[in-house]
Amino acid sequence: MRQFVHDKNEHGMGTIRVSGNAPTIDKIQFLPLSALNKQLSEPTVIKVSSDSLLMCYVVYSGDFAVDTGEQGVDIVYKHAMQVFDAHTGNLLMQRAYDRK
C-alpha cells in the first residue's frame, strides 16, 4: 500500500504541493465511507453508491503548500489526507490541514 501511495503522488498531490522533504505517511486505514465520515471532523463530500463502499484513508505529515489565488502567496499546512476508492485506487478527495 505504501508503494501504491508513493506511485500515486510521484508527481505531486495535485493542488497540494509538498514543500521541503518528502512527507511521512502517518496512517493508512481501510474502512467504509460511513465509518470514515464519523472519524473526520467534517463529513466528506464523496458521492458514491453506498456508505458501505470501502475507502483507503491516508494521513501524511510534512509541509504542504496550497495556493491562495494571490500571486506568490501560499498557505503551508503540516498535514494532508487523501481518500482513495479501495477497489479501483481512484483518488476521491484530498485536503491539507493543521491539527488542532
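Conventions adopted
Residues numbered from 1 in each chain as written. Predicted model: local features only at pLDDT ≥ 70, side-chain atom pairs only at ≥ 80, totals over all residues. Heavy atoms only, no water. Helix = DSSP H or I, 4+ residues; strand = E, 2+ residues; numbered from the N terminus. Rg over C-alpha atoms; globule rule 2.2 N^0.38 Å. Buried < 20%, exposed > 50% of the residue type's maximum accessible area, 1.4 Å probe, protein only. Contact = heavy atoms within 4.5 Å. Polar contact = N/O pair within 3.5 Å; in protein donor to acceptor, adjacent residues only side chain to side chain. Core = buried A, V, L, I, M, F, W, Y, C linked by side-chain atoms within 4.5 Å.

Visitor: For this particular structure, what's the right way to read the overall build of the chain?
Guide: On a plain count of helices and strands, the chain comes out with 2 helices and 5 strands. What you see in the chain, going N to C, is helices and strands ordered as α-β-β-α-β-β-β. Taken against the 2.2 N^0.38 rule, which gives 13 Å for 100 residues, the C-alpha radius of gyration of the chain at 14 Å falls within 12% of a compact globule. Referenced to the eigenvectors of the C-alpha coordinate spread, the extents of the chain come out at roughly 40 × 30 × 20 Å. Relative to its 100 residues, the chain shows a buried fraction of 31%. Sequence separation of 24 or more characterises 51% of the internal contacts of the chain that already satisfy a separation of 6 or more.

Visitor: Whenever I open this one, the environment of threonine 88 confuses me. Can you help?
Guide: Here threonine 88 is to be found in the loop between β4 (74–85) and β5 (91–97). Accessibility expressed as a relative area gives 49% for threonine 88, which makes it partly exposed. Residues threonine 88 and valine 18, spaced 70 residues apart in sequence, show a C-alpha to C-alpha distance of 25 Å. In this structure the side chain of threonine 88 is engaged in a polar contact, spanning 3.1 Å, whose partner is the backbone nitrogen of asparagine 90.

Visitor: Looking at this structure, I do not really get the nonpolar core. What am I missing?
Guide: Generally speaking, nonpolar side chains in soluble globular proteins are found buried as a group. Residues Leu31, Leu33, Leu36, Leu40, Ile46, Met55, Tyr57, Val59, Met81, Val83, Met93 and Tyr97 constitute the largest nonpolar core, which totals 12 residues. When residues of this core are traced back to their parent elements, those giving at least two are α2 (33–39), β3 (54–67), β4 and β5. Looking at this core element by element, the count peaks at 3 residues for β3. Excluding residues that lie within four positions of it along the chain, leucine 40 makes contacts with Tyr57 and Met81.

These values are about where atoms sit, not about what they do.
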